[in-house]
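For reference, the chains in residue letters:
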Amino acid sequence: MFIDILPFKQPSDIKDKLRNLNWLICVDEFSGLIQSSFYDKKSSIGAALCNYWVDSKAKGKPVTRVRLDNSGENKALETLANGPQFALGIHFEFTARRTPQQNSLAERGFTTILFRAKAIMHATYLSHYWKYFLRNEVFMYASMMHGLEMVERNGSFKSRYEHHHDVLPKWAKAGNLKSFGEAGVVKSIQPTDAKLNYRGSKYMFIGYSNKHSGDTVRMFCAKQKSVIVTRDVVWLNKMYFPLTDQGEESVSDDRVPVIEDSVSVTDDVDEDNDVEADREQGNSSDQANRLSNVTPAVVTRSGRRVVLPRRYRDNDDNDVAATVVSNYYAQLMMHDLTSNEVCLVGVGIRGGYFNTNEVHTMTYKEEMASDERVEWKEAINKEWNQLDQRVWKYVDRDQVPAGTTMLDSVWVLKKKSNRKKKARLNARGFKQIEGKHYDNSNISSPTVSEVSIRVILTLALMANMAIHVVDIQGAFLHGEFSDDENLFMEIPEGFKDTCPANKVLLLLRTIYGLKQAAKAFWKFLLGLMKSIGCRRSNVDNCVYYKWDESGLSLLASWVDDLIVAGEEDTVSHQKSKLKKIVPIDDCGNMDEYVGCKVDIDRDER
Amino acid sequence: MIQSFQDEFNLPNKIPITPAVPNTSLSHVGEVISNSMMSYYRKGVGKLLHMCRFTKPSIQNAVRDLSRRVKGATIEHIDAMQRVTNYCVAAKDKGWVLRPKRTWNGKDKSFAFLLDGKSDSDYAVGYVGYLEGSLIVARSVVQKRSALSTTEVEMYALVSCVQDMIYLKQLLESMGLTVKTPIIIRVDNKGTVDLANGWSTGGNLKHVEVRQLLIRDLREEGILRVEWFPGAENESDIFTKNTTSQMFQKHASLLEA
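Residues numbered from 1 in each chain as written. Chains lettered and ligands numbered in written order. Predicted model: local features only at pLDDT ≥ 70, side-chain atom pairs only at ≥ 80, totals over all residues.

Enquirer: I tried to follow the overall build of chain B on my own but got confused; where do I start?
Expert: Scanning chain B from N- to C-terminus turns up 8 helices and 7 strands. Among the 257 residues that make up chain B, the fraction classed as buried is 48%. If you take every contact in chain B between residues at least 6 apart in sequence, the share linking residues at least 24 apart comes to 77%. (Helix = DSSP H or I, 4+ residues; strand = E, 2+ residues; numbered from the N terminus. Buried ≥ 20, exposed ≤ 12 C-beta atoms within 10 Å, placed from the backbone. Contact = placed C-beta atoms within 7 Å.)

As structure tokens, this is what we get:
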């Protein structure tokens with residue numbers, strides 16, 4: 001048995017007088033079972049240990065060798081244990097001076113329990129004060145949980161308790177296990193109390209009682225700073241200290257969570273090398289070192305670095321190393337009990353998305369495997385209904401001329417920042433053959449110059465015009481092919497079963513992804529502008545204007561987003577004319593364009 | 001986009017007043033960063049390029065300097081990119097402001113629209129263009145060819161500015177509007193003004209080609225006039241170099257609000 005003592009002093013920043021504890025740790029060499037106990041004075045340890053050894057001797061498991069430091073109180077312990085009172089006949093081994101490694105099991109036991117205790121304190125949102133106030137309870141709990149770990153000794157695989165004591169402690173049953181810091185209501189009403197008194201008050205779970213039946217727990221009340229031992233608890237399935245009330249004193253050091261451990265998620269060898277390379281890079285110069293230190297980034301499979309947003313980084317207490325431990329720890333002790341709150345450290349989804357990284361495109365396969373597949377399927381069906389029969393027609397496979405290259409397509413699924421889910425069928429345009437499927441001069445289309453946008457806005461401001469934005473729905477689906485371009489496409493993913501067999505699609509309109517789609521849409525737009533009576537500017541190909549009795553009205557197109565500026569009546573008139581020809585989304589007054597927020601302050605003008 | 005800067009980039013905690021370190025420019029020597037850092041860098045520069053085109057003219061010079069190294073950037077470039085990004089996040093409520101000084105009834109075709117521009121040059125060529133006092137063009141570009149003297153560089157800056165002013169004039173005229181001529185372009189280099197307004201060839205500028213003749217022709221036609229004005233009032237200054245913070249704030253406050 002390895003034994004050591006760790007004294008705990010009163011922390012200078014806590015004003016209340018706390019007990020100065022001596023933390024005694026006894027580690028069994030065979031099972032690795034760590035037993036913690038706490039004493040006010042070092043001198044009182046001797047009698048307690050001797051009694052324990054007498055007990056274990058009576059159980060037929062005598063302690064034969066003890067290793068401890070070569071200190072005065074330990075010498076006294078030897079004389080007491082082998083003296084006339086107990087006469088245990090234990091062999092005492094003392095470590096050499098300045099050689100703590102000879103007592104390694106005890107020294108490492110401290111570290112193990114201390115770090116787990118830190119993780120528990122973190123997961124239960126204890127404030128600085130309560131961390132110190134409850135330290136011995138947390139250490140005790142952590143030691144108990146450590147004893148439950150399964151280890152293999154002499155070919156048998158069981159918990160440390162079972163290796164040491166042959167039996168599990170009474171409390172170690174699935175139904176009794178609770179996580180530290182859980183809230184529960186303890187019944188406190190007495191038969192003599194007034195009828196309308198509260199029947200109980202909220203307490204925090206801090207451990208099990210060894211001396212009672214298995215379902216007896218120790219509950220702590222922060223208000224009264226009292227501990228009661230009871231089995232009369234109604235569990236609230238939440239933590240005693242809520243996350244918002246943690247009242248942590250801010251830690252001002254520049255400690256930054258290092259997520260190196262969780263990088264191991266990437267199992268691709270190349271990726272790992274890349275990470276290694278980054279790390280080496282980091283050591284190469286001071287600047288680089290600083291950079292890699294302040295980058296709490298996870299490298300994803302594609303090599304993208306996902307950085308914790310700054311608003312979550314300010315609180316340096318989000319120690320991810322601790323999170324990893326506590327997650328593991330939570331799994332360990334919560335076999336069939338569930339309380340997700342322990343696992344969710346530092347993670348919370350607030351208004352909108354947690355991170356802009358969530359708003360990205362996904363493929364059909366990814367989504368059909370995800371939890372949101374029903375919603376995605378809905379979005380896909382909606383888009384399909386917009387396309388089917390209008391954009392293509394079904395053709396028998398036999399009618400396709402021999403030697404034709406068949407195109408295929410993919411679904412691109414995107415979460416938009418307004419939380420809508422958008423599905424879009426994209427042809428794989430890179431399979432198109434130049435000269436046969438498209439003309440090389442038709443693969444780009446003009447958009448409005450940013451200078452022209454500002455000229456239009458300035459003119460509109462000067463004349464106090466209304467400025468509206470209109471979005472053309474399914475823009476590219478309006479584009480038409482030249483006469484000699486016949487494109488055949490396979491039936492898209494997800495609809496192969498529902499569509500008639502042995503058919504392919506003959507495209508009637510330029511769907512997204514085709515090389516000529518942008519240009520074809522622009523041509524369509526020119527026709528559209530002509531039909532509502534606008535003329536194209538000779539200088540910017542995407543600026544259109546119209547003079548009438550109410551003055552100038554202007555339009556500009558950034559792909560499918562149109563700016564419409566002019567007198568209030570003219571604008572609504574033109575929008576209604578557009579609406580007759582194509583389906584449009586009327587976004588109303590301009591507040592956003594090409595990804596920029598636009599504020600119009602008409603008074604300041 | 002500001003949100004994505006915050007979420008996807010590792011921003012330093014110190015908030016800068018200027019987008020780049022004053023009186024410096026990025027050196028192009030040093031150890032090249034790894035591929036994954038490179039894509040991080042390119043992503044940032046791409047976002048900034050969009051930003052300086054539409055909403056933040058004041059970062060143009062810093063971004064121009066960054067965008068010259070989309071291959072082989074060094075750790076210095078990463079720091080500089082993060083500084084610009086951080087500047088944008090810190091000043092997220094400020095953007096390109098259009099503030100026309102006069103009003104127009106929206107019907108009068110003979111209303112003479114006022115165009116004016118300013119150009120400057122230092123490490124790069126920078127110029128601004130106004131329509132009725134509302135900022136329309138603000139650019140920072142690397143000059144296309146090397147010059148032998150400052151007067152010559154200023155000349156190139158002036159020519160770039162003239163190109164955009166002519167584009168503006170044509171755009172307005174194509175919509176049936178009238179532009180007041182001559183368009184006045186102001187330069188803070190006396191030599192350039194004299195060069196643009198005279199017909200002299202020879203001396204140290206005898207190698208300068210047709211580009212300047214364009215300006216001379218336009219002046220003869222009465223479309224354009226070049227004037228001198230003190231350099232301290234030239235807001236295109238911030239498009240040519242990383243100015244001091246006082247200078248930057250003074251000029252940027254005219255462009256953004």
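Enquirer: What should I look at first to understand the overall build of chain A in this one?
Expert: Across its full length, chain A holds 15 helices and 28 strands. The buried share of chain A, taken over its 605 residues, is 28%.

Enquirer: What is the right way to read the packing of helix α5 (residues 150–174) of chain B against helix α6 (residues 190–197) of chain B from this model?
Expert: A pair of packed helices is characterised by two quantities: the angle between their axes and the separation of those axes. Residues and elements named next belong to chain B. For the pair α5 and α6, interaxial distance at closest approach is 8 Å and the crossing angle is 60°. Between α5 and α6, the interaxial angle falls into the category oblique. Here α5 and α6 pass one another in a crossing that is right-handed. Residue-level contacts link T151, E154, M155 and L158 of α5 to G191, T192, L195 and A196 of α6. Residues belonging to the contact of α5 with α6 are distributed by class as follows: 4 nonpolar, 3 polar and 1 charged. (Axes fitted to C-alpha atoms, helices over the stretch in contact; angles between N-to-C directions. Parallel < 35°, antiparallel > 145°, perpendicular 65-115°, else oblique. Left-handed = near helix turned anticlockwise from the far one by under 90°. Nonpolar A, V, L, I, M, F, W, Y, C, P; charged D, E, K, R; others polar.)

Enquirer: Which parts of the structure should I look at to understand the sheet that holds strand β9 (residues 200–208) of chain A?
Expert: Backbone hydrogen bonds are what pair the strands of a sheet, in a parallel or an antiparallel way. Residue and element names in this part refer to chain A. Pairing within the open sheet is antiparallel, and its 5 strands lie in the order β11-β10-β9-β8-β12. Unpaired on one side and paired on the other, β11 (226–230) and β12 (233–239) mark the two borders of the sheet. Mean inter-strand twist for the sheet, computed between neighbouring axes without regard to direction, equals 40°. Looking at chain direction, strand β8 (residues 182–187) and β12 are connected through 4 bridges and run antiparallel. When the sheet's bridge partners are listed, E182 is paired in β12 with M239. (Pairing = 2+ DSSP bridges.)

Enquirer: Can you walk me through the environment of N136 of chain A in this structure?
Expert: All names here are of chain A. Within the fold, N136 resides in helix α5 (residues 135–147). Separated by 19 residues in the primary sequence, N136 and A117 place their C-alpha atoms 9.5 Å from one another. Among residues more than four places away in sequence, those in contact with N136 are L21 and F38.

Enquirer: How should the packing of helix α2 (residues 35–54) of chain B against helix α4 (residues 75–90) of chain B be read in this particular structure?
Expert: All names here are of chain B. At a minimum axis separation of 10 Å, α2 and α4 run at an interaxial angle of 40°. What the angle tells us is that α2 and α4 run oblique. Crossing geometry of α2 relative to α4 is assigned as left-handed. From α2, M37, Y41, G44, V45, L48 and M51 reach across to α4, where they touch H77, I78, M81, V84, T85 and C88. Of the residues contributing to the contact of α2 with α4, the split by class is 9 nonpolar, 3 polar and no charged.

Enquirer: Help me understand the sheet that holds strand β22 (residues 535–536) of chain A in this model?
Expert: Residue and element names in this part refer to chain A. Within the open sheet, the 6 strands sit side by side as β22-β23-β24-β25-β19-β26. Their pairing is antiparallel. Each of the sheet's edge strands pairs with one partner strand only, and the pair in question is β22 and β26 (584–589). Inspection of the sheet shows strand β23 (residues 543–548) paired to strand β24 (residues 551–558) by 6 bridges, in the antiparallel sense. The residue bridging D548 from the neighbouring strand is G551, located in β24. Together, β19 (466–472), β23, β24 and β25 (561–566) form the strand contacts of helix α13 (residues 450–462), whose direction differs from that of β24 by roughly 150°.

Enquirer: Just to check I follow, could you spell out α2 of chain B for this structure?
Expert: Spacing of three or four residues puts side chains on the same side of an α-helix, whose turn is 3.6 residues. The terminal C-alpha atoms of α2 of chain B lie 29 Å apart, and with 20 residues this matches the ideal 28 Å at 1.5 Å per residue to within 8%. Among all positions in α2 of chain B, only S36, M37, Y40, Y41, G44, V45, K47, L48, M51 and C52 of chain B are buried. (Expected span 1.5 Å × (residues − 1).)

Enquirer: Can you walk me through unusual backbone geometry in this structure?
Expert: Most peptide bonds take the trans configuration, and most residues that are not glycine carry a negative phi. Cis geometry is adopted by the peptide bond preceding P182 of chain B, which originates at T181 of chain B and carries an omega value of -5°. Looking at the element boundaries, P182 of chain B is found in the loop between β5 (178–179) and β6 (183–187). Although it is not a glycine, R98 of chain A adopts a positive phi angle of roughly 55°. Among the structural elements, R98 of chain A can be located in the loop between β5 (91–94) and α3 (104–123).

Enquirer: Just checking my understanding: could you explain the confidence of the model for chain A for this structure?
Expert: It should be kept in mind that the predicted coordinates are not to be read in detail where pLDDT is low. Residue and element names in this part refer to chain A. This prediction gives chain A a mean pLDDT of 76; 79% of its residues lie at or above 70. Contacts from residues 245–296, a stretch scored under 50 in pLDDT, to residues over four places away or in other chains number 69 contacts. Across residues 314–354, confidence stays below pLDDT 50; counting only partners more than four residues off in sequence or on other chains, it has 63 contacts. (pLDDT = per-residue confidence, 0-100.)

Enquirer: Can you help me understand the nonpolar core in this one?
Expert: Taken as a class, soluble globular proteins show a tendency for nonpolar side chains to be buried jointly. Within the largest apolar cluster, 100 residues are counted, with the highest numbers of intra-cluster contacts made by I456 of chain A together with L158 of chain B. A total of 10 residues in this core trace back to one element, the largest contributor, which is α5 of chain B. Among residues more than four places away in sequence, those in contact with I456 of chain A are L554, A556, I563 and A565 of chain A. Residues W23, I25, C26 and F205 of chain A belong to the second largest nonpolar core, which totals 45 residues. (Core = buried A, V, L, I, M, F, W, Y, C linked by C-beta atoms within 7 Å.)

Enquirer: Before we go on, may I ask you to explain the confidence of the model for chain B in this structure?
Expert: Of all residues in chain B, 99% have pLDDT values of 70 or greater, and the mean over the chain is 87. When pLDDT is averaged over each element of chain B, β6 of chain B comes out on top at 93 and helix α1 (residues 2–8) of chain B at the bottom at 77.

Enquirer: Looking at this structure, how should I read α5 of chain B?
Expert: For α5 of chain B, built from 25 residues, the straight-helix expectation of 36 Å at 1.5 Å per residue is met to within 8% by its first-to-last C-alpha distance of 36 Å. Looking at the residues trailing α5 of chain B, positive phi occurs at G176 of chain B, about 90°.

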